[in-house]
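# Structural features, examined
Here are the chains, one letter per residue:
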Amino acid sequence: MKTLVVTIEGMHCDGCAETIKALLDVEAGVKASSVSFKDGSARVLYDPAAIDEPGIAAAIERGGYKAKLPA
Ligand SMILES: [Cu+2]
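Quick summary incoming for the structure in this document. (Residues numbered from 1 in each chain as written. Predicted model: local features only at pLDDT ≥ 70, side-chain atom pairs only at ≥ 80, totals over all residues. Heavy atoms only, no water.)

### Here we look at the sheet that holds strand β1 (residues 2-9)
Backbone-to-backbone hydrogen bonds join strands into a sheet, with any given pair of strands oriented parallel or antiparallel. Across the sheet, four strands lie side by side as β2-β3-β1-β4; this open sheet has antiparallel pairing. In this open sheet, the two strands that pair with only one neighbour each are β2 (30-36) and β4 (66-68). The average angle at which neighbouring strand axes cross in this sheet is 30°, direction not considered. Looking at chain direction, β1 and β4 are connected through three bridges and run antiparallel. Pairing of E9 across the sheet is with K66, part of β4. Taken strand by strand, helix α1 (residues 14-25) contacts β1, β2 and β3 (41-46), and its axis lies near 170° from that of β2. (Pairing = 2+ DSSP bridges. Helix = DSSP H or I, 4+ residues; strand = E, 2+ residues; numbered from the N terminus. Axes fitted to C-alpha atoms, helices over the stretch in contact; angles between N-to-C directions. Contact = heavy atoms within 4.5 Å.)

### Focus on α1
Taking 1.5 Å as the rise per residue, α1 with 12 residues should run 16 Å; its terminal C-alpha atoms sit 16 Å apart, in good agreement. All buried positions along α1 are accounted for by C16, A17, I20 and L24. Seen end-on, α1 carries its buried residues on one side only, within an arc spanning 100°. Along α1, the residues that are exposed and aim more than 90 degrees away from the buried face are D14 and E18. Contact partners of the buried residues in α1: β1, β2, β3 and α2 (53-61). (Expected span 1.5 Å × (residues − 1). Buried < 20%, exposed > 50% of the residue type's maximum accessible area, 1.4 Å probe, protein only. Arc of directions from axis to C-beta.)

### A closer look at the nonpolar core
Judged by nonpolar contacts, the single largest core of 20 residues is most densely connected at I8, M11, I20, L24, V35, I56 and I60. Put simply, the parts of the chain that give this core at least two residues each are β1, α1, β2, β3 and α2. The contact partners of I8, leaving out residues within four places of it in the chain, are I20, V35, G40, S41, A42, I60, Y65 and K66. (Core = buried A, V, L, I, M, F, W, Y, C linked by side-chain atoms within 4.5 Å.)

### Focus on the coordination of the copper ion
Note on the copper ion: its protein donors are H12 (ND1), C13 (SG) and C16 (SG). The metal-donor distances range over 2.1 to 2.7 Å. Read in sequence order, the donor residues coordinating the copper ion give the pattern H-C-x2-C. Its relative accessible area of 35% is what places C13 among the partly exposed residues. (Donors = N, O, S within 2.8 Å, 3.2 Å for Na, K, Ca; no water.)

Treat this as a map of the structure, not an account of what it does.
As structure tokens, then:
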């Protein structure tokens, strides 16, 4: 299991954070997530055999947000 912290642009309220959490939690391979509007980021616990970092970013971007993976 690995943890990823992703910076997210485009959130404007706590509802956005909840929307993104819901998008992440339905992804196969995502075991847990927490999304903070205040911090503008998500912390994702995931199984690297089932999903990779670009896959996690894609799940976030499906909601219309911009995900920035750590360099
Ligand atoms: Cu919002």
